[in-house]
Amino acid sequence: MTRARLNLFIQPDHARRLAELSAMRGLSKSSIVAAALASFLSPDAADQREAAVSRRLDRLSRQYERLERDQQILIETLALYVRYFLTVSPPVAPSQQDALRAQGKLRYGQFIDQLARHLQRGRSLVRDVHGEIYPESVAAQDDEAPPLPGDDHE
């Protein structure tokens with residue numbers, strides 16, 4: 001086979017990496033450059049890049065849908081709690097307000113401590129609640145996507 005000779009100028013870093021790859025794989029630099037050029041010029045290269053981008057976009061879409069679902073659960077949880085709290089909380093007499101404020105500060109501190117422990121364990125209440133409601137959805141989600149930060153995979 002006749003080959004055409006080319007004199008190319010490339011970045012020093014690329015030249016170093018090409019030399020390392022050539023030595024590591026036991027191939028000539030020319031064969032590596034020829035394979036890379038063939039891949040770049042191949043009509044299938046664009047299809048392969050498009051397929052890779054498509055897979056990544058699908059994965060990002062699933063992650064976005066989970067985030068959106070988690071946010072909806074969080075919003076509904078907070079709304080239900082606020083409605084419940086406002087419905088069941090009796091009016092407070094002025095003479096009891098200082099004692100109730102102190103008790104509220106204590107309870108808030110306990111809440112923050114419990115939240116910190118929960119987060120340190122890597123637990124996700126939203127995921128736990130969703131798993132209780134839709135266990136098949138969580139199982140399918142575990143099979144198809146990498147875990148999100150805060151997801152419980154113990």
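Conventions we followed
Residues numbered from 1 in each chain as written. Predicted model: local features only at pLDDT ≥ 70, side-chain atom pairs only at ≥ 80, totals over all residues. Heavy atoms only, no water. Helix = DSSP H or I, 4+ residues; strand = E, 2+ residues; numbered from the N terminus. Buried < 20%, exposed > 50% of the residue type's maximum accessible area, 1.4 Å probe, protein only. Areas by Shrake-Rupley, 256 points an atom, 1.4 Å probe, with all protein chains shown as cover. Patch = residues over 30% accessible without salt bridge, like charges linked within 9 Å, V, L, I, M, F, W, Y side chains within 5 Å. Salt bridge = Lys/Arg side-chain N within 4 Å of Asp/Glu carboxyl O. Expected span 1.5 Å × (residues − 1). 1 Å grid on protein atoms, 1.4 Å probe; cavity = no way out; pocket = protein on both sides within 12 Å on 5 of 7 lines; lining within 4 Å. Points joined across faces, edges and corners; volume = space filled by probe spheres on them. Nonpolar A, V, L, I, M, F, W, Y, C, P; charged D, E, K, R; others polar. Phe/Tyr/Trp six-rings, centres within 6.5 Å; stacked < 30°, edge-to-face > 60°. Axes fitted to C-alpha atoms, helices over the stretch in contact; angles between N-to-C directions. Parallel < 35°, antiparallel > 145°, perpendicular 65-115°, else oblique. Contact = heavy atoms within 4.5 Å. pLDDT = per-residue confidence, 0-100.

In terms of helices and strands, the protein carries six helices and zero strands. When its helices and strands are written in sequence order, the protein yields α-α-α-α-α-α. When each of the 154 residues of the protein is scored for burial, the buried share is 13%. Carbon and sulfur atoms make up 59% of the accessible area of the protein, which amounts to about 13,300 Å² in all.

What follows covers a nonpolar patch on the surface. A surface patch of nonpolar side chains, amounting to about 530 Å² of accessible area, comprises Leu78, Tyr81, Val82, Phe85 and Leu86. Along the chain, Tyr81 turns up in helix 3 (residues 43-88).

What follows concerns the pattern of salt bridges. According to the stated counting rule, one finds four salt bridges in the structure shown. Across the pair Asp70 and Arg69 runs a salt bridge whose closest N-O atoms are separated by 2.5 Å. For Asp70, a relative accessible area of 17% translates into the label buried.

Taking 1.5 Å of rise per residue, the 24 residues of helix 4 (residues 97-120) would be expected to cover 34 Å, and the 34 Å separating its terminal C-alpha atoms lies within 8% of that figure. Looking one or two residues past helix 4, Gly122 carries a phi angle of roughly 80°, positive in sign.

If you add up the space inside the largest pocket, you get close to 1,200 Å³. Going through the elements one at a time, helix 3, helix 4 and helix 5 (125-133) are the ones with two or more residues in the lining of the largest pocket. Looking at the lining of the largest pocket element by element, the count peaks at ten residues for helix 4. In this model, the second largest pocket occupies a volume close to 780 Å³. Forming the boundary of the second largest pocket are 16 residues, of which Leu8, Lys29, Ser30, Val33 and Ala34 lie nearest the centre. A per-element tally of the lining of the second largest pocket places helix 2 (residues 29-41) first, with nine residues. Class assignment for the residues of the lining of the second largest pocket results in eleven nonpolar, two polar and three charged.

We now examine the packing of aromatic side chains. This model, assessed by the stated rule, comprises two aromatic pairs. Taking the centre distance of 6.1 Å and the plane angle of 25° together, the rings of Tyr81 and Phe85 count as stacked. Of this pair, Tyr81 and Phe85 both sit in helix 3, four residues apart, roughly one helical turn. Relative to Phe111, the ring of Tyr108 lies with its centre 6.4 Å away and its plane at 35°, an arrangement referred to as tilted. On the criterion of helical spacing, the pair formed by Tyr108 and Phe111 is a turn pair, its members being three residues apart in helix 4.

Where helix 1 (residues 12-25) meets helix 2, the closest approach of the two axes is 9 Å, and the angle between their N-to-C directions is 110°. In terms of orientation, helix 1 and helix 2 fall into the roughly perpendicular class. Across the interface between the two elements, Leu18, Ala19, Leu21 and Ser22 from helix 1 touch Lys29, Ile32 and Val33 from helix 2. A class-by-class count of the residues in the contact of helix 1 with helix 2 yields five nonpolar, one polar and one charged.

What follows concerns the confidence of the model for the protein. On average, residues of the protein score 84 in pLDDT, and 88% of them reach the 70 mark or higher. When mean pLDDT is compared element by element in the protein, helix 1 scores highest at 94, while helix 6 (residues 135-144) scores lowest at 64. Note that pLDDT drops below 50 for residues 145-154; the model gives that stretch 23 contacts with residues more than four away or on any other chain.

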